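Chain residues, written in single-letter form:
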Amino acid sequence: MPRYTVHVRGEWLAVPCLNGANTVGWLGREAVRRYMKNKPDNGGFTSVEEVKFYVRRCKGLGLLDLDDTVEDALEDNEFVEVDGNSLTTEDLVSLGKGLYKIKLTPEAEAKVKRSREVIERIVKEQTVVYGITTGFGKFARTVIPNSKLMELQVNLVRSHSAASCLPYIPEKGTVGASGDLAPLSHLALGLIGEGKMWSPKSGWADAKYVLEAHGLRPITLKPKEGLALINGTQMITSLGCEAVERASAIARQADIVAALTLEVLKGTTKAFDTDIHAVRPHKGQAEVAFRFRSLLDSDHHPSEIAESHRFCDRVQDAYTMRCCPQVHGVVNDTIAFVKDIMMTEINSATDNPMVFAERAETISGGNFHGEYPAKALDYLAIGVHELAAISERRIERLCNPSLSELPAFLVTEGGLNSGFMIAHCTAAALVSENKALCHPSSVDSLSTSAATEDHVSMGGWSARKALRVIEHVEQVLAIELLAACQGIEFLRPLRTTTPLEKVYDLVRSVVRPWMKDRFMAPDIEAAHRLLVEQKASVWEVAKPYIEKYRREHIPESRPGSPTAFSLGSLAKKTHIGHDHSHQNEL
């Protein structure tokens, strides 16, 4: 029976489809019905019929016609084919969300079979090869008789599935060298019908019962297979891929949030001039400056707020606004660097020993060592943290009346109301916690396995820390987004640029203005969802304007102001009444 995974308001719902002739509209309504069923208040809806929705494919985001049949418009989920070369971090994260299924390409399957033939020959000829006909680690010199080789692989999985226990696969217990042995062993344990497993049919139960509920039987491990299942960097890498994708998303949106704050604080766009960034041509810096121009260009997107302070006497802005291209830019470059490493890692063989079928040979090496992803993910945490560090300082400027020229803590009747006072404290607390989490775990190493594994990466903690840091960054930027939108309220009836008004409208669709104190945690969570959603996100609202600006090569506007000195403006002052057509020439 086909089953489709449908995304509704930040949640993924599995919808079985008995009849392929059902329409896409039916699929949408059924998903909404299931969403409402799981919410105590029906998700805020009165009935399924009142909900207006559209449906897109997950892959490619193609808009679907609600009258088309499911079998014509969709596959039974979609497949990502693994060939050992082209898997992307985006693919892996989508697989983790259940958007796609996974399968080997015929070429990859043929390679596996050829390698299997090499292993069978080793066993048949009773050749002594590590991990195939010997023990592991300190027991590498212990030869195992052929009659016990299958038991060897089962024992390997059983014995290595030991860590401080959390449901299904423990997150703790790997030192990240000789692979992520402990967590991957828990993963493999379920395949052989032992340990705990979960499914929608059974919930948590003994693995053998969960497999039976789905008509499956435990697999029988042949020589080398147990070792192949657990001896790699898959845990570090999979968590690392999620970290990279979430970091990419929040880095893009940090530019949008900061641009909105700049408007509220009546900053200038002069610092984003292309000539400034051309003489320090870091790729990330140039891209961030471009995004700011695309969002704030007052000639292309007129801003009444910008015009209201065009002739103010402020000379330049604080670093938290003026230096966004430099600070946000290096974060973008850091993410790109780490993503390149993770893309290589997910398309790599990290087993040991390695089987080279074309040479009919096995070779012991160290591809299982997690130092590459460990170091990269420590670097990612340090880089992405800076988005929260600079965001928290902008929140301070928004809340501080001596810096913002707005009501204290962005609320009327201050004293009676505390406004964003504690929201700012929350941001400061998260930033402080990140400082400790950014200490690189990969600088540590403890010898294990009786000094056989005498240098390890600690990459599991690197990956988990990186994810936690990124979550904190998302939350801090959610607070800044709310604070900036609240600041807009005090500048009305003036309007900002069109793309930033669209962002404001998106926020106001889930969070109402802050007129007096109320429970703020749901508002922060709602804003957080706007930063992590794939579809209804801040980025998706602003992206069309950014890409249009890029596509149309719109000339950069350089509006004059008393604080921007040029010889042209000097000539204008000294030749009053003369032709000023060349005043900005230099």
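Caption draft 1: How the structure looks around the overall build of the chain. Within the chain, the regular secondary structure consists of 22 helices and eight strands. C-alpha extents for the chain along the principal axes are approximately 100 × 55 × 50 Å. Taking all 586 residues of the chain together, 46% fall into the buried category. Looking at the chain alone, contacts between residues at least 24 apart form 69% of all its contacts between residues at least 6 apart. Of the side chains in the chain, 68 bear a positive and 75 a negative charge, and the two mean positions are spaced by 2 Å.

Caption draft 2: Representation of a negative patch on the surface within the structure. Together, Asp65, Asp67, Asp68, Glu71 and Asp72 make up a region of like negative charge exposed at the surface. Along the polypeptide, Glu71 turns up in helix α2 (residues 70–73). Residue Glu71 is classed as exposed on the basis of its relative accessible area, which comes to 51%.

Caption draft 3: Highlighting the environment of Thr269. Turning to its location among the elements, Thr269 is positioned in the loop between α9 (234–264) and α10 (274–278). By relative accessible area, which is 31% here, Thr269 ends up partly exposed. Residues Thr269 and Ala289, 20 residues apart in the sequence, show an inter-C-alpha distance of 9.5 Å.

Caption draft 4: Representation of empty space enclosed by the protein within the structure. Tallied over the full model, the rule gives two cavities of 30 Å³ or more. For the second largest cavity, the full set of lining residues is Phe420, Leu482, Gln486, Arg508, Val511, Arg512, Trp514, Arg518, Met520 and Asp523. When grouped by side-chain class, the residues that make up the lining of the second largest cavity number five nonpolar, one polar and four charged.

Caption draft 5: How the structure looks around the nonpolar core. Ranked by size, the top nonpolar core spans 94 residues in total, and within it Leu380, Val384, Leu387, Phe420 and Leu481 carry the most contacts. Top element by residues in this core is helix α18 (residues 459–489). It accounts for 16 residues. By size, the runner-up hydrophobic cluster in this structure holds 20 residues, among which are Val8, Val15, Ala31 and Val70.

Caption draft 6: The arrangement of helix α6 (residues 181–191) in detail. For α6, the buried fraction is high: nine of the eleven residues fall into the buried class. Turning to α6, its buried residues number three or more, namely Leu181, Ala182, Pro183, Leu184, Ser185, His186, Ala188, Leu189 and Gly190. Directly after α6, the chain includes Gly193, whose backbone phi takes a positive value near 85°.

Caption draft 7: Structural context of the packing of helix α15 (residues 371–399) against α18. Two numbers describe how α15 lies on α18: the axes approach to 8 Å, and their chain directions differ by 20°. When the interaxial angle is binned, α15 and α18 end up roughly parallel. Where α15 crosses over α18, the two elements pack in a sense that is left-handed. Along the lines of polarity and charge, the residues of the contact of α15 with α18 split into 19 nonpolar, four polar and five charged.

Caption draft 8: Molecular detail of the pairing of strand β5 (residues 196–199). Residues Met197 and Ser199 of β5 are buried on one face, while the alternating residues Lys196 and Trp198, pointing to the opposite face, are not. With four bridges joining them, β5 and strand β6 (residues 203–206) adopt antiparallel strand pairing. Across the sheet, the residue bridging to Met197 is Ala205, located in β6. Counted between consecutive antiparallel strands, the loop separating β5 from β6 contains three residues.

Caption draft 9: Looking closely at the confidence of the model for the chain. In this model, the chain carries a mean pLDDT of 86, and residues with pLDDT of at least 70 account for 90%. Scored below 50 in pLDDT, residues 575–586 shows eight contacts in the model against residues more than four places distant or in partner chains.

Caption draft 10: Looking closely at the pattern of salt bridges. With the rule as written, the count across this model stands at 27 salt bridges. In this structure, Asp255 engages Arg291 in a salt bridge whose closest nitrogen and oxygen atoms are separated by 2.8 Å. Residue Asp255 is found in helix α9, and its partner Arg291 is found in helix α11 (residues 283–296); the two are separated by 36 residues along the sequence. By relative accessible area, Asp255 is classed as buried at 0%. Classification of Arg291 as buried rests on a relative accessible area of 8%.

Caption draft 11: Local environment of the side chain of Ser537. Within the secondary structure, Ser537 sits in the loop between α20 (521–532) and α21 (538–551). Taking relative accessible area as the criterion, Ser537 reaches 3% and is therefore assigned buried. Only 3.1 Å separates the side chain of Ser537 from the backbone nitrogen of Glu540, close enough to count as a polar contact. Those residues in contact with Ser537 that sit more than four places away from it in its chain are Gln253, Leu506 and Leu530.

Caption draft 12: Fine view of the environment of Glu547. With respect to the helices and strands, the residue Glu547 is situated in helix α21. You can call Glu547 partly exposed: its relative accessible area is 25%. Spatially, the C-alpha atoms of Glu547 and Ile390 are 26 Å apart, while their sequence positions differ by 157 residues.

The rules behind the values
Residues numbered from 1 in each chain as written. Predicted model: local features only at pLDDT ≥ 70, side-chain atom pairs only at ≥ 80, totals over all residues. Heavy atoms only, no water. Helix = DSSP H or I, 4+ residues; strand = E, 2+ residues; numbered from the N terminus. Buried < 20%, exposed > 50% of the residue type's maximum accessible area, 1.4 Å probe, protein only. Contact = heavy atoms within 4.5 Å. Lys, Arg positive; Asp, Glu negative; His and termini not counted. Charge placed at Lys NZ, Arg CZ, Asp CG, Glu CD. Patch = residues over 30% accessible without salt bridge, like charges linked within 9 Å, V, L, I, M, F, W, Y side chains within 5 Å. Areas by Shrake-Rupley, 256 points an atom, 1.4 Å probe, with all protein chains shown as cover. Salt bridge = Lys/Arg side-chain N within 4 Å of Asp/Glu carboxyl O. 1 Å grid on protein atoms, 1.4 Å probe; cavity = no way out; pocket = protein on both sides within 12 Å on 5 of 7 lines; lining within 4 Å. Points joined across faces, edges and corners; volume = space filled by probe spheres on them. Nonpolar A, V, L, I, M, F, W, Y, C, P; charged D, E, K, R; others polar. Core = buried A, V, L, I, M, F, W, Y, C linked by side-chain atoms within 4.5 Å. Axes fitted to C-alpha atoms, helices over the stretch in contact; angles between N-to-C directions. Parallel < 35°, antiparallel > 145°, perpendicular 65-115°, else oblique. Left-handed = near helix turned anticlockwise from the far one by under 90°. Pairing = 2+ DSSP bridges. pLDDT = per-residue confidence, 0-100. Polar contact = N/O pair within 3.5 Å; in protein donor to acceptor, adjacent residues only side chain to side chain.

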